[in-house]
Amino acid sequence: STPSNSSAASDVYKRQVLVTYNTQIEILHKTIASVCGQVDQLIVVDNGSKNIQSITDVARSYSAELVALPVNKGIAYAQNIGIQKAIQQGCHYILLMDHDTIMADGCVQYLCHEYEQVKKNNTKIGSLCCAYQNTHDNMVSAVWYTEGIMLCKKQVDYTQQKLFEVDFTVASGSLLSVEALKDVGLMDERLFIDLVDVEWGLRANYLGYKNFQSFEYIMQHTLGDKKIKTPLGSVTLHSPERDYYYIRNSILISRTKVIKASWFIFFIKRIFIFLIVFSLFGDHKLRRLRLMLDGVRDGLAGRGGPLPR
């Protein structure tokens, strides 16, 4: 159980679950170095990387526990492996991280302390995360929240306010309590990758939990492969395979009981925008279009898991 003395953040047993996949070793060093002194133990779950030996060497150099999966089982599966191991080891909080996120000094202890402070108001907390600065354009992340049937994405003045309630928190840099995970459940492995954090956040909302994004510390995070400019504005470009997962998973989540009207409307609109923008302005246009249409088909059929080959 979580200690009742919320001021003693150092007494809270913390585990970090970091998922790697074909990671650039220099970046991995920076990621682990930024957080290893802030948690009690680091669990690295590798998703079948080609450079697993180099990743193993880095993990050992920081005394991290490594779980090497033989093939890529998806971000949700890898996170669940790490989460279950951390729970078995008796931790109170779990920090999820990608291999390309750099945390500020003192950030994890702050998140644990803030989590406990919010709980004092009898608030059921799902996840609490740091805002991030995208390394592609140096923009600080917006907050996503629902107003009526509208989904709002807003850049906020965080010099005036540090903590905002949001519909979900981006997985990397998010703190979850074991207590909440046992109630809300693990990550949805059907999704494989993309929108896993959104689905968990909406599921937590459905069960009466609230999610929060803090701007007290700003972490460095890389979102997508690059930014491209289109007549509809600047958009983040991922690989064609990721477009498949985004569209398929948007439909899969929209068919669940946890979906809010705001997110249902957003997903449907975004599917049409993706089909148009990425097939016209992205690279590998025909491949993108084919994979996105495959995503529509598989989403409507209720098929999850990895991209069919």
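Bear in mind that the values here come from a model prediction, so they are computed numbers and not experimental data.

### A look at the packing of aromatic side chains
Then, number 1: What the rule picks out here adds up to 15 aromatic pairs.
Then, number 2: Ring geometry for F168 and W263: centres 5.7 Å apart, planes at 75 degrees, overall edge-to-face. Here F168 is found in the loop between β9 (163–166) and β10 (174–177), whereas its partner W263 is found in helix α8 (residues 261–281), with 95 residues between them in sequence. Residue F168 shares its accessibility class with W263, and that shared class is buried.
Then, number 3: Both rings, one in F266 and one in F267, keep their centres 5.9 Å apart while their planes meet at 55 degrees; by these two values the pair is tilted. One exposure class covers both F266 and F267, and it is buried.

### Examining a nonpolar patch on the surface
Then, number 1: Residues I149, M150, F264, I265, I268 and F272 make up a contiguous nonpolar surface patch of roughly 570 Å² in combined accessible area.
Then, number 2: No other element matches α8, which puts 4 residues into the nonpolar patch.
Then, number 3: Relative to the elements of secondary structure, I268 occurs in helix α8.
Then, number 4: Classification of I268 by relative accessible area gives partly exposed; the value is 33%.

### What to know about the environment of Y145
Then, number 1: By the element assignment, Y145 lies in strand β7 (residues 143–147).
Then, number 2: Between the C-alpha atoms of Y145 and I265, which are 120 residues apart in sequence, the distance is 14 Å.
Then, number 3: Excluding residues within four positions of it along the chain, Y145 makes contact with M150, L151, C152, K154, E165 and D167.

### Brief notes about the nonpolar core
Then, number 1: Grouped together as the largest cluster of nonpolar side chains are 70 residues, with contacts concentrated most on I94, L95, M103, L111, M187, W263 and F267.
Then, number 2: Examining the composition of this core, we find that 8 residues originate from one element, α8, more than from any other.
Then, number 3: When neighbours within four sequence positions are excluded, M103 is seen to be in contact with S34, V35, Q38, L95, M97, V108, C130, G173 and M219.

### A few points about the confidence of the model for the protein
Then, number 1: Residues of the protein with pLDDT of at least 70 account for 95%, and the chain-wide mean is 91.
Then, number 2: Confidence, expressed as mean pLDDT per element, reaches its minimum in the protein at strand β12 (residues 226–230) with 73 and its maximum at helix α6 (residues 196–206) with 98.
Then, number 3: Residue range residues 1–11 is modelled with pLDDT below 50. Its contacts to residues more than four positions away, or to other chains, number 19 contacts.

### Side note on the pairing of β10
Then, number 1: Of the two faces of β10, the one carrying S174 and L176 and the one carrying L175 and S177 are both buried.
Then, number 2: Bridge count between strand β4 (residues 93–98) and β10: 4 bridges; the pairing is antiparallel. Of the residues in β10, the one forming a bridge with L96 is S174.

### What about the pattern of salt bridges?
Then, number 1: Tallied over the full model, the rule gives 14 salt bridges.
Then, number 2: Between K30 and E26 there is a salt bridge, with the nearest N and O atoms lying 3.8 Å from each other. Taken together, the positions of K30 and E26, both in helix α1 (residues 25–35) and 4 residues apart, correspond to about one turn of that helix.
Then, number 3: On the basis of relative accessibility, which here comes to 59%, the residue E26 falls in the exposed class.
Then, number 4: One salt bridge in this structure joins D167 and K260, with 3.1 Å as the shortest N-O distance. In this pair, D167 is assigned in the loop between β9 and β10 and K260 in the loop between α7 (240–254) and α8, connecting sequence segments 93 residues apart.
Then, number 5: Classification of K260 by relative accessible area gives partly exposed; the value is 24%.

### Notes on α1
Then, number 1: Taken together, the buried positions of α1 are L28, T31, I32, S34 and V35. Considered in projection along α1, the buried side chains sweep an arc of 160 degrees and stay on one side of the axis.
Then, number 2: For α1, the secondary structure elements touched by its buried residues are β1 (14–20), β2 (41–47), α2 (52–61), β4, β5 (101–102) and α4 (107–119).

What counts, and where the lines are drawn
- Residues numbered from 1 in each chain as written.
- Predicted model: local features only at pLDDT ≥ 70, side-chain atom pairs only at ≥ 80, totals over all residues.
- Heavy atoms only, no water.
- Phe/Tyr/Trp six-rings, centres within 6.5 Å; stacked < 30°, edge-to-face > 60°.
- Helix = DSSP H or I, 4+ residues; strand = E, 2+ residues; numbered from the N terminus.
- Buried < 20%, exposed > 50% of the residue type's maximum accessible area, 1.4 Å probe, protein only.
- Patch = residues over 30% accessible without salt bridge, like charges linked within 9 Å, V, L, I, M, F, W, Y side chains within 5 Å.
- Areas by Shrake-Rupley, 256 points an atom, 1.4 Å probe, with all protein chains shown as cover.
- Salt bridge = Lys/Arg side-chain N within 4 Å of Asp/Glu carboxyl O.
- Contact = heavy atoms within 4.5 Å.
- Core = buried A, V, L, I, M, F, W, Y, C linked by side-chain atoms within 4.5 Å.
- pLDDT = per-residue confidence, 0-100.
- Pairing = 2+ DSSP bridges.
- Arc of directions from axis to C-beta.

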